[in-house]
Amino acid sequence: MRVSVIVLKMKAAHLSLLFHVFSVVAVLVSTFDPITTTVVVGIGATFGRRIFNYFHESCEPKWVSFNASGLEADLKSKLFGQHIASHIILKAVNGFMNNNNPKKPLVLSLHGWTGTGKNFVSSLIAENIYREGMDSSFVHVFTSELHFPHASQIETYKSQLQQWIKGNVSNCAQSMFIFDEMDKMHPGLIDCIKPYLDYYDKLDGVSYRNAIFIFLSNAGGESIIQTALDFWKAGRDREEIELKDLETLLSVAVFNNKRSGLWHTGLIDKNLVDFFVPFLPLEYRHVVQCAMAGMKARELKPDLEVADKVARDLVYFPKSERVFSVKGCKTIDSKLDYYT
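This is a predicted model, so every value here is computed, not measured.

A.B. asks: Any chance you could explain the sheet that holds strand β1 (residues 106-112) here in plain terms?
C.D. replies: Picture the strands of a sheet paired through backbone hydrogen bonds; they go either parallel or antiparallel. In spatial order, the strands read β2-β3-β4-β1-β5; together these five strands make up an open sheet with parallel pairing. Looking at the sheet topology across the chains shown, the edges are occupied by β2 (139-143) and β5 (275-279). Sheet twist, expressed as the mean angle between neighbouring strand axes with direction ignored, is 15°. Here six bridges tie β1 to strand β4 (residues 212-217), and the two strands are oriented parallel to one another. Note on β4: the bridge partner recorded for S109 is F215. Along the sheet, helix α7 (residues 154-171) makes contact with β2, β3 (176-180) and β4, crossing β3 at roughly 150°.

A.B. asks: Looking at this structure, how should I read unusual backbone geometry?
C.D. replies: In most cases, non-glycine residues show a negative phi, while peptide bonds are predominantly trans. F317 connects to P318 through a cis peptide bond whose omega is -10°. Tracing the sequence through the fold places P318 in the loop between β6 (316-317) and β7 (324-325). For E299, which is not glycine, the phi dihedral falls at a positive 60°. Topologically, E299 is positioned in the loop between α12 (284-297) and α13 (304-313). Using a relative accessible area of 76% as the deciding quantity, one classes E299 as exposed.

A.B. asks: Looking at this structure, how should I read the confidence of the model for the protein?
C.D. replies: Close inspection of predicted coordinates is inappropriate for parts of the model with low pLDDT. On average, residues of the protein carry a pLDDT of 89, and 84% of them reach 70 or more. Counting contacts from residues 1-12, a segment whose pLDDT is below 50, to residues more than four positions away or on other chains yields one contact. Overall, residues 24-29 carries pLDDT values under 50, and its contacts beyond four positions in sequence, including any with other chains, amount to five contacts.

Criteria and thresholds
Residues numbered from 1 in each chain as written. Predicted model: local features only at pLDDT ≥ 70, side-chain atom pairs only at ≥ 80, totals over all residues. Heavy atoms only, no water. Pairing = 2+ DSSP bridges. Helix = DSSP H or I, 4+ residues; strand = E, 2+ residues; numbered from the N terminus. Axes fitted to C-alpha atoms, helices over the stretch in contact; angles between N-to-C directions. Contact = heavy atoms within 4.5 Å. Buried < 20%, exposed > 50% of the residue type's maximum accessible area, 1.4 Å probe, protein only. pLDDT = per-residue confidence, 0-100.

As C-alpha cells, this is what we get:
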C-alpha cells in the first residue's frame, strides 16, 4: 500500500510539473518576438501533446506494448484443455510482435465448438498488447449478425469495411480486428479485405503489415470433435492430438462450407491465413477448472465442491458416455451466480 501511495505521489508531482511548465510557456509567449514565439509555441505544443497522451490512449509504447510473459502466463493459467491452441497462439503472436519488419499482417483463424475459448483467447491477446485491453480504441470487433445482417447490402458492407480498416490502421498501425461469427457471415464479404492481408509494403500509402486480424468461427467444429472422439475411443490421451492431425482437415472443411463466411475465400486459396487454430471440445475436468477460475476471478475462495456441482449441471455428449461438454465453459458464469 505504501509503495502505491509513493507511486501516486510521484505521478501527481510529474503532472504538476508538466502543467507548471506549460503555464510558464504560455505566459512567455506574449513577451517574445515573433521568431522566438514560434519556437516557444512549438515547445508548448510538445508539452501539450505529452499531457494529452498521458491521459488519452495513443498508439505509443505507453499504451501499446506486447507483454510476452503475461500472455504465456495467462494461457497457462486461464485457458483449459487447449494445448494445441495455447502453443500456436503463443508462438505466432510472440514471433509477430517481436518482428520489427513483418512482411504481412498476422492472420489467425480460430475454430471450434461453442464455449471452447475462442473469444477468451482473443481477449487475452488484446490484454497483453494494449494497456486498455478489449476496451482499447485500437481493438475492433465485428459480429456478423450485428454489423452485416442483410445479404442485399453486401456491396455497401464491403465499402464500409474497407474504409473502416484503412482509417483505423492509418491511425494506429498496430490495430487489431476481430471478426466473430465467421460461420454466419455472408460468403464473399470477407474477400474485400484480402489486399490488406497480402504481402504488400503499402496500399494507397498505408502499411497494414503490423496489424492483427483474428477470425472466430464454429465452422470446422464437427471435424475437430470427430478427431477428439476418435482419439478418446482409441484410448489415446487428448494431449496426443497434434496440429498436423487437424490443420489440413480444418482448412478444407472451412473452405468448402457453403454456410461459412470463409467459403471459397481467397484468404485461404492464396494462403493468407497464417494459422488455423483448432479448439478441442472440453471434458468434465476442464469445466471444473473453468468454474474454479471463475470463482477466483470473482475474488471468491475457489470451492471444488461448488465447481463440481456446476460441472455436473451441464449437458455432455455422447449421451451414454458424457465425455464432452455441449456448451464448453460458456454458461459457467450464470451457473456460478446460482451456486455462489
